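For reference, the chains in residue letters:
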Amino acid sequence: MKSKSTAKAASKRITSHPSTASTNGNSPKPKKMLIGGRWVSAASGKTFPTYNPATGEIICQIPEGDRPDIDAAVRSARNAFENGPWRRMSPSDRGKTLWRLADLLEKHTEEFARLESLDNGKPLAVARGADLPLAVDLFRYMAGWCTKMLGNTIPISVPYAPGERFHAYTVREPIGVVGQIIPWNFPLLMAAWKLGPALATSCTVVLKPAEQTPLTALRLGELIQEAGIPDGVVNIITGFGETAGAALAAHPDVDKIAFTGSTEVGKIIVRAAAIDLKKVSLELGGKSPNIILADADIDSAIAGAANAIFFNHGQCCCAGSRLYIQNKHFDKVVDGIASAARKIKVGPGDRPDTEMGPLVSEEQLHRVLGYMRAGDKEGAKTVVGGGRLGDSGYFVKPTVLTNTKPGMKVMDEEIFGPVVCAIPFNQVEDILPIESDNVYGLAAAVWTRDISKAHRIASELRAGTVWVNCYNIFDSALPFGGYKQSGWGREMGAEVLDLYTQTKAVCVRL
Ligand code: ADP
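We now turn to the structure provided with this report. Residue positions within a chain follow its written sequence, with the count starting from 1. Per-residue local features are limited, in this predicted model, to residues with pLDDT of at least 70; the limit for side-chain atom pairs, both in listing and counting, is 80 or more; totals at the level of whole chains, interfaces and linings are taken over all residues. The side-chain numbers reported here are obtained from all heavy atoms of the structure, hydrogens and water having been left aside.

**Looking at the sheet that holds strand 5 (residues 153-154)**
Sheet strands pair by backbone hydrogen bonding; their relative direction is either parallel or antiparallel. If you trace the 3 strands from one edge of the open sheet to the other, you get 5-6-22, paired in antiparallel fashion. Across the chains shown, the open sheet's two edge strands, defined by having one partner strand only, are strand 5 and strand 22 (501-509). When DSSP finds two or more bridges between two strands, those strands count as paired. Helix and strand labels come from DSSP, where a helix needs a run of H or I of at least four residues and a strand needs a run of E of at least two; each type is numbered from the N terminus. Bridge analysis of strand 5 against strand 6 (residues 166-174) gives 2 bridges, and the strand direction is antiparallel. Residue T153 lies in a different strand from strand 6, and its bridge partner there is Y169.

Below is the structure:
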């Protein structure tokens, strides 16, 4: 993820007093947030705008939650955890409830896709074809786990108690009240990645969506109620990171924080959580190597490399932003990806032929343009793209850079935009030391027809995901998360359950 400054957004905050009740669908009325089953304004009455990134216009006002709202939401989550029916519900009923939520979300796919495209800027077809089905599938996958939270029976020996017999077993119990702080690049999907496992394991939640993209999380809150998830189990507080987010991360009655966002903010969260040793899981930034060997199917590697960097406008923590190409095919691949970049139809997300929408915010626009200028200044060659597209909305040109090397900002730092550095190499052994210096380790990819090379390189790369002859393949059953400064813990798959449960050992003398 990108850097954390919200100065721009903060400077545009507008204070108003929403007086009308509203649904959280696509209506211009001020939204409300969810605490203990009730839709409420911020205690302060303040609101802030969320923008349409294709035009820079305000969509609607959002409650500006802060510490008092977080306090109320945590109280409600605590009460629901300790005293409510959620934890006591049979695993099968809990699973059915989650499945119902998935069904409701699927039924409202079109509405959610439109809302996501409006608020985030992504093409409607992408929201419809990727974000929504992945979110629906995640809730279904997690619904299945409700009935499979197994412990072990353990034959113990107890060397200092000869002749005695014991029956020992473990149970997995929910961690409790979880604070979840999510980013703006896949707003609904990140909410699903967080809520799915928390709910499957009977935790209760305070969710804080990103200030840039709160709309789908709020609408999801309504479906959560409709699905029959009891009041207080999921509370949703909208607001800024430095206020609402920080209050959640530091709250003494929160048992765990799950965060997806920038590495910079991840470190702030760890410091806040350290005060009372909350559990923390983090999914952070990346600068992922995408390695094309000379023996690869070059056409499919070119298409894959374009997808790796341009999907979601490069606003992916796992974007393939370091494109290593073995010398023999360097020119061919650079020409191929440059030509793909030229053909991408950049436009508002709601146009049927749009393939790439605007960046999410004015702040992000300036950040990405800043990297393009830094590349120029440090001697990178812009093969295609570079700069802003048009003068309204937050559009940039898909960009391919060459002449980049470690030490340059564009090569070392996460840009979080559609900008790729293409780097020639002679042999893989030349890349590995550069990659072992990469502070990130979220994802990597290798393109080759040599299966043994593929596995060897996969084992050398220190990354949480390695794709071979593909990129951006995600599945609810496949764990995702970072090595090194890309994070702590794995989301999705069976492994995510470890993030939301703790093990109790029970020992019975027979
Ligand atoms: P980005 O720069 O892409 O917005 P961030 O890491 O800043 O990425 O934001 C991801 C999420 O973290 C958002 O929900 C944001 O509000 C929240 N956030 C930002 N700063 C803080 C903070 N100091 N404490 C807690 N949450 C924060």
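**Quick look at the nonpolar core**
Definition of nonpolar core: a set of buried residues of the types Ala, Val, Leu, Ile, Met, Phe, Trp, Tyr and Cys, connected through side-chain atoms within 4.5 Å. In this scheme, a residue with accessible area under 20% of its type's maximum is buried, one over 50% is exposed, and one in between is partly exposed, where area comes from a 1.4 Å probe on protein chains only. Residues L105, F139, L195, L220, I292, F310 and I337 are the most contacted members of the largest nonpolar core, which totals 126 residues. Beyond its immediate sequence surroundings of up to four residues, L105 is in contact with F112, L132, A135, V136, F139, L188, L220 and L223. Residues Y371, V396, M411 and C421 belong to the second largest nonpolar core, which totals 28 residues. The contact rule is simple, with two residues in contact once any of their heavy atoms fall within 4.5 Å.

**A few points about unusual backbone geometry**
The phi dihedral of S202 falls on the positive side, at around 70°, and the residue is not glycine. We classify S202 as buried; its relative accessible area is 6%. Notably, L277 is not glycine yet its phi reads approximately 55°, a positive angle. Residue position: L277 is located in the loop between helix 9 (263-274) and strand 11 (279-283). Classification of L277 by relative accessible area gives exposed; the value is 68%.

**Looking at the pairing of strand 3 (residues 47-52)**
The buried fraction of strand 3 is high, at 6 of 6 residues. The turn linking strand 3 back onto strand 4 (residues 57-63) is made up of 4 residues, and G56 within it adopts a positive phi angle of 80°.

**Here we look at the packing of aromatic side chains**
Working definition: a ring pair exists when centres of Phe, Tyr or Trp rings (six-membered ring for Trp) sit within 6.5 Å. Plane angles under 30 degrees give stacked, over 60 give edge-to-face, the rest tilted. Going through the model one piece at a time under the given rule, you end up with 9 aromatic pairs. Ring geometry for W184 versus F416: centroids 5.4 Å apart, planes at 90°, classification edge-to-face. Pair noted here: W184 is in the loop between strand 7 (177-181) and helix 6 (187-200) and F416 is in the loop between helix 13 (409-412) and strand 16 (419-425), with a separation of 232 residues, a long-range link. Across the pair, exposure class does not vary: W184 and F416 are buried alike. Chaining the aromatic ring pairs together yields one cluster made of W193, W467, Y471, F474 and F480. Only lysine NZ and arginine CZ atoms are considered, and such an atom sits over a ring when it is within 6 Å of the ring centre and within 35 degrees of the ring normal. Above the plane of the ring of W86 lies R94, whose end atom (NZ or CZ) is 6.0 Å from the centre. We note K256 situated over the ring of Y500; from NZ or CZ to the ring centre the distance is 4.9 Å.

**Topic: helix 8 (residues 241-250)**
If you check which residues of helix 8 are buried, you get A244, G245, A247, L248 and A249. Among the structural elements, helix 2 (67-83), strand 7, strand 8 (204-208), strand 10 (256-260) and helix 9 are those in contact with the buried residues of helix 8.

**Some thoughts on the packing of helix 4 (residues 109-120) against helix 7 (residues 215-227)**
Packing of helix 4 against helix 7 leaves a shortest axis separation of 9 Å and a crossing angle of 155°. Viewed along their axes, helix 4 and helix 7 adopt a mutual orientation that is roughly antiparallel. Residues E111, F112, L115, E116 and D119 of helix 4 pack against L215, T216, R219, L220 and L223 of helix 7. Any residue outside Ala, Val, Leu, Ile, Met, Phe, Trp, Tyr, Cys, Pro, Asp, Glu, Lys and Arg is labelled polar, Gly included; the first ten of those are nonpolar and the last four are charged. Partitioning the contact of helix 4 with helix 7 into residue classes produces 5 nonpolar, 1 polar and 4 charged. Axes here mean lines fitted to C-alpha atoms, for a helix over just the part in contact, with angles spanning 0 to 180 degrees between N-to-C directions. The labels follow the angle: roughly parallel below 35 degrees, roughly antiparallel above 145, roughly perpendicular from 65 to 115, and oblique for the rest.

**With respect to empty space enclosed by the protein**
Two kinds of site are reported from a 1 Å grid over the protein atoms alone, namely cavities, where a 1.4 Å probe fits but cannot get out, and pockets, open sets with protein on both sides within 12 Å along at least five of seven lines, and residues are called lining when an atom falls within 4 Å of a point. Grid points are joined across faces, edges and corners, and a volume is the space filled by probe spheres set on the points. Per the stated rule, a full pass over the model turns up 4 cavities of 30 Å³ or more. Empty space within the second largest cavity amounts to approximately 70 Å³. Lining the second largest cavity we find 13 residues, and of these A319, S321, E414, I415 and F416 sit closest to its centre. Class assignment for the residues of the lining of the second largest cavity results in 7 nonpolar, 4 polar and 2 charged.

**Things to note about the side chain of E491**
Mapped onto the secondary structure, E491 falls in the loop between strand 21 (487-488) and helix 16 (496-500). Of note is the side chain of E491, whose polar atom sits 2.8 Å from the side chain of K194. Look past the residues within four positions of E491 in its chain and what remains in contact with it is W193, K194, T260, E283, L478, P479, F480 and V496. Counting of polar contacts relies on pairs of N or O atoms within 3.5 Å, with two restrictions inside protein: one atom must be capable of donating a hydrogen and the other of accepting it, and residues adjacent in sequence are counted only when both atoms are side-chain atoms.

**With respect to the sheet that holds strand 14 (residues 381-384)**
Across the sheet, 7 strands lie side by side as 14-15-16-13-12-18-19; this open sheet has mixed pairing. Taken across any chain shown, the strands that pair with only one partner, and hence form the sheet edges, are strand 14 and strand 19 (465-468). The average undirected angle you get between the axes of adjacent strands in this sheet is 25°. Direction of pairing for strand 15 (residues 399-402) relative to strand 16: parallel, over a ladder of 3 bridges. Directly across from V400, in strand 16, lies its bridge partner V420. Strand contacts of helix 10 (residues 298-310): strand 12 (289-292), strand 13 (322-326), strand 15, strand 16 and strand 18 (443-447), with the helix running at about 170° to strand 12, the strand carrying the most contacts. Against the sheet, helix 14 (residues 428-436) engages strand 12, strand 13 and strand 16, with an angle of about 160° to strand 13.

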